[in-house]
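Here is how the chains run, residue by residue.
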Amino acid sequence: MNTSQTIEIGDYKFGFSFPDQSVFKTGKGLNEEVINAISDHKNEPEWMRKFRLRSYQAFLKKKMPNWGVDLSGIDFDNIYYYAKPVAEQQRNWDDVPASIKETFDRIGIPEAERKFLAGVGAQYDSEVVYHNLKKSLEEKGVIFSDPETAVREHPDIVRKYFGTIIPFSDNKFAALNSAVWSGGSFVYVPKGVRVDIPLQAYFRINSQNFGQFERTLIIAEEDSFVHYIEGCTAPVYTTDSLHSAVVEIIALPGSRVRYSTIQNWSGDVYNLVTKRAVAYENATVEWVDGNIGSKRTMKYPSVYLMGEGAHGEVLSIAFAGKGQQQDTGGKAVHAASNTSSVITSKSISKDGGIASYRGLIKVAEGLKNIRSRVVCDALILDAKSHSNTFPYMEIESDDVSMEHEARVSRISEEQLFYLMSRGMSEDEASKMIVNGFIDPLVKQLPMEYAVELNRLIELEMEGSVG
Amino acid sequence: MKLEIHDLRASIGGKEILKGIDLTLETGEINALMGPNGSGKSTLANVLLGHPNYEVTGGRVLLDGIDILEKTTDERARMGLFLAFQYPVEIGGITIGKFLKRATEEMYKSNGRMDISSYLSDLRESMNFLEIDQQFINRYLNEGFSGGEKKRMEILQMLMLKPAIAIMDETDSGLDIDALKVVARGVNKLKGDNFSALVITHYQRILKFLEPNRVHILYQGKVVMSGGPELVDELEARGYDWIKEDTHEYVANN
C-alpha cells in the first residue's frame, strides 16, 4: 500500500464540472495520501476529510464478505480510486435500431435525449431541458446536485443525514466508498413538494463522471414525492475493475420515494453496491434495480420500515451471461406494526451465467399486522446456466403474513418451435421469450427505461442461440 | 403451390413412427387425414414443420420442387407452411397484438409489403369474424386461455398469416359445436386457389363443414388408403377395424 502517488493537476478549472478530458488522477492503490488528495481536490471541509480517513481505517479492518460470490479476484492495490479516464465507447446514431427510433418518435422524446438514450450523445446535450427543469425545481426548494456541491452549499442537511443510513463501518465496500467517494447525486425535496417528473441524473451537466465510487443521498421531507432515476441506461463501457457505490434514502413521514436504475457494466467489473432506505410513518420507498453485465454483482437494495403504515418495494432484474454472476435481491426490515413489503425478482441466465436471488425479510419482536410478499422468477436459457434462490427470514412476531413464491423455468423447445413455426428465427424467438419474461416488470419502468432495458437484453441475447 | 411428400420416414427416440409416407397436397384442395391413435398423424404434422425432437430418416418433402427438409422451421413457415397446433403453448409476457404483428412482419419480409393500417383493420376484421373479443389483443399468448380460445387463436393466426398450405393438427378436438363452426368458418374463408389445408382429425363432424376434396387414412406410419369424401362416411359406419384388416392384407401384398 506504500506505492508513491503521482498527482497531476491539468487544465482543471471549472469547479467540479470536470472537462471531458479529465487528467487529475491518483496513482493505483489506496492510502491516506490518496484520500487526502481526493479531499484536497474537492476542496472539502474538514469534517468530510475526517469522515473519509475514519472510513479508510474501517475499510482496512473490515473483512471481505465470506458469502455471496467469489471476490478473490479483486486486487485493491491495482485500482485507480479517483478520476479515471473516461473510456466511453462511441456509437453512431445510424447504428441505433429502427425500432428504438420509432419508439422515441412515438413517445415524443426530444432529439437531444434520443441521442443520449441511444447512447450516442452526451447528457449535456440536454442542457436546455435541464435548465428549465432546474429553474422550476429551485422555485419549489428542491435541491438536485452532485454531492460535492451539496457538501459545500448545504452542509447542515448533508451532515444531518450523510452516512446515517449506511454507516461507514457497515461493510468493507461501504467503508471503501465512504473513504473515496466521488460523484453521485444529492436530492432534497422539501415538505409537501411533489416532483412530478422523474429526476434523472443525466440531466445534470457532466454527470457522465459518475464514477466507480459514487455516493447518492436522497431526502424526502414529510408528504413529498420524488422519482429519482440514476445514471444512464447507456451501456457503461469501462475497463475499471471495481464499482462500489453507496445510496442512502430517507423517506420522512408520508413521503414517497421511487428510485430506478438499470446498469450495464462491462464484463470485467466487480459491482458491489450498498443501497438502503428508511421509511417512516406512512412513507413508501420503491427500488427498481436492473443489473446487466459485470463480472460479479452483489446488490440487495433494502428498506427499513421504521414507522407504522410504511411500505417498501424492491423490483430486481438481473441478466447473467457468460462468466457472470449476478447475486441480487432485496431486504425488508419491519421495525413497526402495520407495515408491508414486496420483493419481486426476475433473473435470466445464459451461456453459463449464474443468477442468484438473495433476500432477507426481517420482522422485529412484538409487532402487529405485518405483510410481506416475495416472488422470484428465474429463466434459464441453456443447460450450462444456473439459478439459485436464497430467501432468508427472521421473523420474531406472530401477527405476520408471509408469502414466498419461487419459479424457475427454461426456454422450452416447444415455445421456440411454436414461434419459429410462425416465421421467426430462433434468435428472434428467444429474444421474444426473454422479453416476454421480463415484460411484467418492464411495464413498471419509465418508458425510456423500458425501451432501453429491452434493447440491452436484446444486445445480450444476440448470437446466444444457434 | 404443391407439397409432395415422398417415402417420408421419421423416428423419435430411435423409434420409427413414419414408415414411408406418400402424399401430395395442392393449393385449391382441402385434404383430410384420419387414422387411429398412434398412427403417426401428429408426427407427420410436426415433421413437416421441422420439430427438433423428430429425426427424419428418409424420404423427401418438396414444396414446389424445393426440398424443405434441410430448411429451418421459420424458413418453412416463410415459404408458406403453417401448423395449427393441437396443444398451443403458453408464452407469458408476449401479447397477442405484439406477437401477431411480429409474425406478420416476418411473413411479409420476403415480399416487403406490410402496411400497418391495413394490418390493423385486417386483424380487427379477422377477430370479429372468429368472434374473438378485441380485448384479446392485450392478453399474453395463450396464457390462461381455454382450450376453445387457444384453437380460435390458432385460426386467427392462420387468417393473418395467410399460408399456402396449412396443417391442422386435431384443431377440432375438444371443441363444442359452436366453436367448431367458428373454426370451420376460418378455414372456409381461406379456401380458394391459393390455399390448401391438411385437416387432421378423428371425427367426421368437422369434415361436414369443410367438405374435403380428398380423404387419406394413415395407419402404422403409412397412408394406406386415399379416396373422396365418401370415405369419411364409410369410416363413420364401419370404424377403423376394416382398414386394419385390409391394411394387413395390403401390407402383406406389397
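Residues numbered from 1 in each chain as written. Chains lettered and ligands numbered in written order. Predicted model: local features only at pLDDT ≥ 70, side-chain atom pairs only at ≥ 80, totals over all residues. Heavy atoms only, no water.

> In this structure, what is going on with the overall build of chain A? I would like to understand it.
Secondary structure summary: chain A contains 11 helices and 19 strands in total. The proportion of buried residues among the 466 residues of chain A is 59%. A fraction of 83% describes how many contacts in chain A between residues 6 or more apart in sequence connect residues 24 or more apart. Accessible area of chain A: about 18,300 Å², with a carbon and sulfur share of 48%. (Helix = DSSP H or I, 4+ residues; strand = E, 2+ residues; numbered from the N terminus. Buried < 20%, exposed > 50% of the residue type's maximum accessible area, 1.4 Å probe, protein only. Contact = heavy atoms within 4.5 Å. Areas by Shrake-Rupley, 256 points an atom, 1.4 Å probe, with all protein chains shown as cover.)

> Please clarify how the interface of chain A and chain B should be interpreted in this entry.
Accessible area lost during the coming together of the parts is what is often quoted as the interface size. Contacts between chain A and chain B engage 20 residues on the former and 33 residues on the latter. Around 2,200 Å² of area is buried between chain A and chain B when both sides are counted, 63% of it from carbon and sulfur atoms. Of all residues in chain A, the largest losses of buried area upon contact with chain B belong to Phe417(A), Tyr418(A) and Arg422(A), amounting jointly to 36% of the total for that side. Taken together, the connections running from chain A to chain B amount to two salt bridges. Note that Arg422(A) and Glu154(B) form a salt bridge whose closest N and O atoms lie 2.7 Å from each other. Where chain A touches chain B, the interface holds 11 residue pairs in polar contact (both at pLDDT 80 or more). Elements represented by at least two residues in the side of chain A that touches chain B include exactly helix 9 (413-420) and helix 10 (426-442) of chain A. (Buried area = accessible area lost by both parts, 1.4 Å probe. Salt bridge = Lys/Arg side-chain N within 4 Å of Asp/Glu carboxyl O. Polar contact = N/O pair within 3.5 Å; in protein donor to acceptor, adjacent residues only side chain to side chain.)

> In this structure, what is going on with the packing of aromatic side chains? I would like to understand it.
Residues and elements named next belong to chain A. As enumerated under the stated definition, the model contains 15 aromatic pairs over all chains in all. Consider the rings of Phe59 and Phe76, whose centres lie 5.1 Å apart with planes at 80°: the pair is edge-to-face. Here Phe59 is found in helix 2 (residues 46-61), whereas its partner Phe76 is found in the loop between helix 2 and helix 3 (98-107), with 17 residues between them in sequence. Both residues of the pair, Phe59 and Phe76, belong to the buried class. Their ring planes at 90° and their centres at 6.4 Å tell us that Phe144 and Tyr228 sit as a pair that is edge-to-face. Linking Phe144 in strand 1 (residues 143-145) with Tyr228 in strand 5 (residues 225-229), this pair joins segments that are 84 residues apart in sequence. (Phe/Tyr/Trp six-rings, centres within 6.5 Å; stacked < 30°, edge-to-face > 60°.)

> What is the right way to read the packing of helix 3 (residues 96-109) of chain B against helix 5 (residues 147-161) of chain B from this model?
Two packed helices can be described by the angle between their axes and the distance between those axes. Residues and elements named next belong to chain B. Closest axis-to-axis distance for the helix 3/helix 5 pair is 10 Å, and the angle between their directions is 35°. Where helix 3 crosses over helix 5, the handedness of that crossing is right-handed. Across the interface between the two elements, Ile96, Phe99, Leu100, Ala103, Thr104 and Met107 from helix 3 touch Met153, Leu156, Gln157, Met160 and Leu161 from helix 5. In terms of residue class, the contact of helix 3 with helix 5 is built from nine nonpolar, two polar and no charged. (Axes fitted to C-alpha atoms, helices over the stretch in contact; angles between N-to-C directions. Left-handed = near helix turned anticlockwise from the far one by under 90°. Nonpolar A, V, L, I, M, F, W, Y, C, P; charged D, E, K, R; others polar.)

> Please explain the packing of helix 1 (residues 32-41) of chain A against helix 2 of chain A as it appears in this structure.
All names here are of chain A. Axis separation between helix 1 and helix 2 bottoms out at 10 Å; the angle between their running directions is 155°. Between helix 1 and helix 2, the angle falls in the class roughly antiparallel. Between helix 1 and helix 2 the crossing geometry is right-handed. Contact residues: Glu32, Ile35, Asn36, Ile38, Ser39 and Asp40 in helix 1; Arg49, Arg52, Leu53, Tyr56 and Gln57 in helix 2. Partitioned by chemical class, the residues of the contact of helix 1 with helix 2 number four nonpolar, three polar and four charged. (Parallel < 35°, antiparallel > 145°, perpendicular 65-115°, else oblique.)

> When you look at the pairing of strand 6 (residues 81-84) of chain B in this model, what are you seeing that I'm missing?
All names here are of chain B. Of the two faces of strand 6, the one holding Leu81 and Leu83 and the one holding Phe82 and Ala84 are both buried throughout. Summarising the sheet, strand 6 and strand 7 (residues 165-169) pair through four bridges and their orientation is parallel. Note on strand 7: the bridge partner recorded for Phe82 is Ala166. (Pairing = 2+ DSSP bridges.)

> Explain the sheet that holds strand 19 (residues 400-410) of chain A here, please?
Pairing between the strands of a sheet is mediated by backbone hydrogen bonds and can be parallel or antiparallel. Residue and element names in this part refer to chain A. Strand order in the open sheet formed by eight strands is 3-5-8-10-13-15-17-19, and the pairing between neighbours is parallel. The open sheet has two edge strands with one neighbour each: strand 3 (199-200) and strand 19. With two bridges connecting them, strand 3 and strand 5 associate as parallel partners. By the bridge assignment, Leu199 is partnered in strand 5 with Tyr228. Its contacts with the sheet place helix 10 against strand 13 (311-320), strand 15 (340-349) and strand 17 (370-380), and it is angled at close to 165° to strand 15.

> Would you mind showing me how to read the pairing of strand 11 (residues 296-299) of chain A here?
The side chains of a regular strand alternate between both faces of the sheet. All names here are of chain A. Burial along strand 11 is two-sided: Arg296 and Met298 facing one way and Thr297 and Lys299 facing the other are all buried. Here strand 9 (residues 270-279) runs beside strand 11; their pairing, made up of four bridges, is parallel. Directly across from Asn271, in strand 11, lies its bridge partner Thr297. Both strand 11 and strand 14 (residues 325-334) contribute to a ladder of four bridges, which runs parallel. Of the residues in strand 14, the one forming a bridge with Lys299 is Thr328.

> Would you explain the sheet that holds strand 4 (residues 55-63) of chain B in this entry?
Residue and element names in this part refer to chain B. Overall, antiparallel pairing links the four strands, which are arranged 2-1-4-5 in an open sheet. Because the sheet does not close on itself, it has two edges, and the strands there are strand 2 (15-26) and strand 5 (66-67). Examined bridge by bridge, strand 1 (residues 2-12) and strand 2 share nine bridges and lie antiparallel to one another. For Leu8, the partnering residue across the bridge sits in strand 2 and is Ile21. Running at roughly 110° to strand 1, helix 1 (residues 41-49) makes contact with strand 1, strand 2 and strand 4 of the sheet.

> Where do I start with helix 2 of chain A in this structure?
Given 3.6 residues per turn, any residue in an α-helix points the same way as the ones three and four places further on. In a regular helix each residue adds 1.5 Å, so 16 residues correspond to 22 Å; helix 2 of chain A covers 23 Å between its end C-alpha atoms and thus fits that length. By the burial criterion, the buried members of helix 2 of chain A are Trp47(A), Met48(A), Arg49(A), Phe51(A), Arg52(A), Leu53(A), Ser55(A), Tyr56(A), Ala58(A) and Phe59(A). (Expected span 1.5 Å × (residues − 1).)

> Hey, could you run me through the nonpolar core in this one?
If you look at the biggest cluster of nonpolar residues, it comprises 116 residues, and the most contacted ones within it are Leu419(A), Leu3(B), Leu8(B) and Leu44(B). Among the elements that make up this core, the one with the highest residue count is helix 10 of chain A (eight residues). Split by domain, this core shows at least three residues from each of two domains, domain 1 (10-299) and domain 2 (413-466) of chain A. With sequence-adjacent residues up to four places away left out, Leu44(B) is seen in contact with Ile5(B), Leu8(B), Leu18(B), Ile21(B), Leu23(B), Leu33(B) and Leu198(B). (Core = buried A, V, L, I, M, F, W, Y, C linked by side-chain atoms within 4.5 Å. Domains from an automatic or database assignment.)

> What am I meant to see in the pattern of salt bridges here?
Residue and element names in this part refer to chain B. Taken as a whole and assessed by the stated rule, the structure comprises 31 salt bridges over all chains. A salt bridge links Lys150 to Glu90, with the shortest nitrogen-to-oxygen separation between them at 3.4 Å. Of this pair, Lys150 sits in helix 5 while Glu90 is found in the loop between strand 6 and helix 3, placing the two residues 60 residues apart along the sequence. Residue Glu90 is classed as partly exposed on the basis of its relative accessible area, which comes to 37%. Taking the shortest distance from any N to any O, the salt bridge between Asp122 and Lys162 comes out at 2.8 Å. Placement of the pair is Asp122 in helix 4 (residues 116-129) and Lys162 in the loop between helix 5 and strand 7, with a sequence separation of 40 residues.

> Help me out: how do you make sense of a negative patch on the surface in this one?
All names here are of chain A. A grouping of Glu222, Asp223, Glu281 and Glu308 is seen on the molecular surface, where their side chains present a negatively charged patch. Relative to the helices and strands, Glu222 resides in the loop between strand 4 (215-220) and strand 5. Note on Glu222: relative accessible area 32%, which makes it partly exposed. (Patch = residues over 30% accessible without salt bridge, like charges linked within 9 Å, V, L, I, M, F, W, Y side chains within 5 Å. Lys, Arg positive; Asp, Glu negative; His and termini not counted. Charge placed at Lys NZ, Arg CZ, Asp CG, Glu CD.)

> What exactly am I supposed to notice about the side chain of Lys172(A) here?
Residue and element names in this part refer to chain A. Its place among the elements puts Lys172 in helix 8 (residues 172-180). Despite its burial, Lys172 pairs with no opposite charge; the closest candidate is Asp77, at 10 Å N-O. Only 2.7 Å separates the side chain of Lys172 from the backbone oxygen of Phe59, close enough to count as a polar contact.

Distances and angles like these do not, on their own, reveal function.
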